[in-house]
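Coordinate analysis (summary)
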Amino acid sequence: GHLTVGASLRTPTFPIIRTGSLSFQDIETVNSPSGPATLQTYFTDPDASFTYKLPFNLNLGVAWREPRFDVEVDIRIHTAIPQYLLISSGQQVETILTGPDGQRQTARVPFPGLAYGASSVWNFAIGGRYQLDPSWSLHGGFYTDAAPADPAASNIFRSVNLYGLTAGAKLKGDHLS
């Protein structure tokens, strides 16, 4: 048999560009004591601050290979990222509430920023191949893919956790594969 071991490592990176232009506009109908009202929200900052932190990531894999079968196990580790401001700005958000009678109320509040943080996750996969005869082989596996996004810290990114099974067969011949 042949043992194969592999690993990869990704360290957190340093920022190169941390600014960008950010604009937001929203109009919605809201209920007020005197009837339906319109709430308009405006925000623009040509020099907003953007920071995206990558976690420490470690991938390890071990495989055992024989002429008739292969088995592989992989582990992927993402470390946690403490909550931080993903997007921030010194500009203010302007809201205009227009009541059913046409009266307008304008307010300005500081931009609250968008916070983000990530949880530590461990994902793994196991799979294999078995050669039935020179023409046929079977393949299968199981994997997890948990999202590091922490919904308790932020709702910017959706947290989708996946679990999967794979299965297949291979037919091979002199003129077929």
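Everything quoted here is computed from the prediction, not taken from an experiment.

**Here's the deal with the pairing of strand β4 (residues 57-65)**
Every regular strand shows the same layout, with side chains that alternate between the two sheet faces. Judged from the 9 bridges that link them, strand β1 (residues 2-10) and β4 form a sheet pairing that is antiparallel. Paired with glycine 6 across the two strands is glycine 61, which belongs to β4. With 9 bridges joining them, β4 and strand β5 (residues 69-78) adopt antiparallel strand pairing. Following the sheet pairing, alanine 63 is matched in β5 by glutamate 72.

**Regarding the pattern of salt bridges**
In the structure shown here, the tally under the stated rule is 4 salt bridges. Here arginine 65 makes a salt bridge to glutamate 72, at a shortest N to O gap of 4.0 Å. The partner of arginine 108 in a salt bridge is glutamate 94, with the nearest N and O atoms 3.6 Å apart. Taken together, the positions of arginine 108 in strand β8 (residues 104-110) and glutamate 94 in strand β7 (residues 92-98) put the pair 14 residues apart, joining distant regions of the chain. Here the salt bridges share partners, and the residues they tie into one network are Arg65, Asp70, Glu72 and Arg129.

Procedures and definitions
Residues numbered from 1 in each chain as written. Predicted model: local features only at pLDDT ≥ 70, side-chain atom pairs only at ≥ 80, totals over all residues. Heavy atoms only, no water. Pairing = 2+ DSSP bridges. Helix = DSSP H or I, 4+ residues; strand = E, 2+ residues; numbered from the N terminus. Salt bridge = Lys/Arg side-chain N within 4 Å of Asp/Glu carboxyl O.

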